[in-house]
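Architecture and fold: a report
Spelled out from the first residue to the last, the chains are:
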Amino acid sequence: HAMRGVTPDNLYNLVHGITQVNLKNIETQFVHPYRVYGKGTEASCNVGESGKMIMVPCIIQSPAEESNRGGEIVYRVLTENLGKLEKERVLLLPRMKVQRYHAKPKR
């Protein structure tokens, strides 16, 4: 998510990194600093092109910083088998196309 601002009530206005949907008045308890995903992290990856969203399960192989992209974080990911015609493949994706799965809170 990208931050758009903080309201006077200390609520955040964000933009969802994958869908680009504006998210308004998000409480501080749901906003956390970004942490680079480590090797082996399970995630959903947007492998669509030209604005088309195609989310597939993937596993982080390694994070990398691309100096030619102004220090943007790019992940090397392994996508799962996507069907008969497409086998597993390794891709380099910008961080905004990779979303890790969040653990359910313990009760």
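Residues numbered from 1 in each chain as written. Predicted model: local features only at pLDDT ≥ 70, side-chain atom pairs only at ≥ 80, totals over all residues. Heavy atoms only, no water.

Taken as a whole and assessed by the stated rule, the structure comprises one disulfide. There is a disulfide in this structure between Cys45 and Cys58, and the S-S distance comes to 2.0 Å. Here Cys45 and Cys58 share a disulfide; its torsion about the S-S bond, 70 degrees, makes the bridge right-handed. Here Cys58 lies in strand β5 (residues 55-66) and Cys45 lies in strand β4 (residues 42-46), a separation of 13 residues in the sequence. Here Cys45 matches Cys58 in class, with each residue buried. (Disulfide = S-S within 2.5 Å. Helix = DSSP H or I, 4+ residues; strand = E, 2+ residues; numbered from the N terminus. Buried < 20%, exposed > 50% of the residue type's maximum accessible area, 1.4 Å probe, protein only.)

The next point concerns the nonpolar core. Among the nonpolar cores identified, the biggest contains 13 residues, and Cys45, Ile60, Tyr75, Val77, Leu93 and Val98 are the most heavily contacted of them. Going through the elements one at a time, β4, β5, β6 (72-79) and β7 (89-94) are the ones with two or more residues in this core. Sequence-distant contacts of Leu93, defined by excluding residues within four places in its chain, comprise Cys45, Asn46, Ile73, Val74, Tyr75, Val77 and Val98. (Core = buried A, V, L, I, M, F, W, Y, C linked by side-chain atoms within 4.5 Å. Contact = heavy atoms within 4.5 Å.)

What follows is about the side chain of Ser44. For Ser44, the position within the fold is in strand β4. Within the structure, the side chain of Ser44 is placed 3.2 Å from the side chain of Tyr101, a separation counted as a polar contact. Among all residues touching Ser44, those that are not within four sequence positions of it are Met55, Val56, Cys58, Lys97, Val98, Gln99 and Tyr101. (Polar contact = N/O pair within 3.5 Å; in protein donor to acceptor, adjacent residues only side chain to side chain.)

Counted under the stated rule, the structure contains one aromatic pair. Where Tyr37 meets Tyr75, the ring centres are 5.3 Å apart and the plane angle is 15 degrees; that geometry is what we call stacked. Here Tyr37 is found in the loop between β3 (22-26) and β4, whereas its partner Tyr75 is found in strand β6, with 38 residues between them in sequence. Its relative accessible area of 12% is what places Tyr37 among the buried residues. (Phe/Tyr/Trp six-rings, centres within 6.5 Å; stacked < 30°, edge-to-face > 60°.)

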